[in-house]
Amino acid sequence: MAISKTLLASLLISLFVLRFVESSDSMVITNMVENPLTDEKIDCNEACDVRCKLSSRPNLCKRACGTCCARCNCVPPGTSGNYDVCPCYRDMTTHGGQHKCP
């Protein structure tokens, strides 16, 4: 009986430690995607040129993208979508509640 109580206690402690480590790892991964390891600013003009190259209104797209890039220091890859890579960029909205960033 003493062995089963010890085994149960060690199992519960192990699960608690494992849960703590998993939650800590996901926080590190999220922070690395949102804000890379370096504190250097990205080249917003170049990133927004790539992002807006297929836009029907490239000047408007680049202006909005530049504002979002300056605030978030991040621009999702590709010409559209991929917002999960940059949550700050994804969550920025206009006063009307629409997505601000292209």
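Located above this text is the structure these notes cover.
Our subject in this report is the structure included herewith. Predicted model only: the values in this text are computed from it and were never measured.

### Description of the overall build of the protein chain
A count of helices and strands for the protein chain gives 4 helices and 0 strands. Starting at the N terminus, the α and β elements of the protein chain follow one another as α-α-α-α. Of all 102 residues assigned to the protein chain, the portion counted as buried reaches 19%. Accessible surface, the protein chain as shown: approximately 7,800 Å² in total, 60% of it carbon and sulfur.

### Focus: the pattern of salt bridges
This model, assessed by the stated rule, comprises 3 salt bridges. The residue Asp-49 makes a salt bridge to Lys-62 at a minimum N-O spacing of 3.4 Å. With a gap of 13 residues between them, Asp-49 in helix H2 (residues 44-51) and Lys-62 in helix H3 (residues 58-72) connect regions that are remote in the sequence. One salt bridge connects Asp-84 with Arg-90, and the closest N-O pair in it is separated by 3.3 Å. For Asp-84, a relative accessible area of 64% puts it in the exposed group. Three or more residues are tied together by salt bridges with common partners; here these are Asp-84, Arg-90 and Asp-91.

### Observations regarding the side chain of Arg-51
Tracing the backbone through its elements, the reader meets Arg-51 in helix H2. Despite its burial, Arg-51 remains without a salt bridge, the nearest opposite charge being carried by Asp-84 at 11 Å. Within the structure, the side chain of Arg-51 is placed 3.0 Å from the backbone oxygen of Gly-81, a separation counted as a polar contact.

### A closer look at the side chain of Asn-73
By secondary structure assignment, the location of Asn-73 is in the loop between H3 and helix H4 (87-91). Looking at Asn-73, its side chain comes within polar contact range of the main-chain oxygen of Glu-40, at 3.2 Å.

### Describing the state of the cysteines
Taken as a whole and judged by the stated rule, the model has 6 disulfides. For Cys-44, the disulfide goes to Cys-69, at an S-S distance of 2.0 Å. Taking the torsion about the S-S bond as the criterion, the Cys-44 to Cys-69 disulfide, at about -80°, is left-handed. Of this pair, Cys-44 sits in helix H2 while Cys-69 sits in helix H3, placing them 25 residues apart in sequence. Taken individually, Cys-44 and Cys-69 each receive the classification buried, so the pair is uniform in this respect. Each sulfur in the disulfide pair Cys-52 and Cys-61 lies 2.0 Å from the other.

What counts, and at which threshold
Residues numbered from 1 in each chain as written. Predicted model: local features only at pLDDT ≥ 70, side-chain atom pairs only at ≥ 80, totals over all residues. Heavy atoms only, no water. Helix = DSSP H or I, 4+ residues; strand = E, 2+ residues; numbered from the N terminus. Buried < 20%, exposed > 50% of the residue type's maximum accessible area, 1.4 Å probe, protein only. Areas by Shrake-Rupley, 256 points an atom, 1.4 Å probe, with all protein chains shown as cover. Salt bridge = Lys/Arg side-chain N within 4 Å of Asp/Glu carboxyl O. Lys, Arg positive; Asp, Glu negative; His and termini not counted. Polar contact = N/O pair within 3.5 Å; in protein donor to acceptor, adjacent residues only side chain to side chain. Disulfide = S-S within 2.5 Å.

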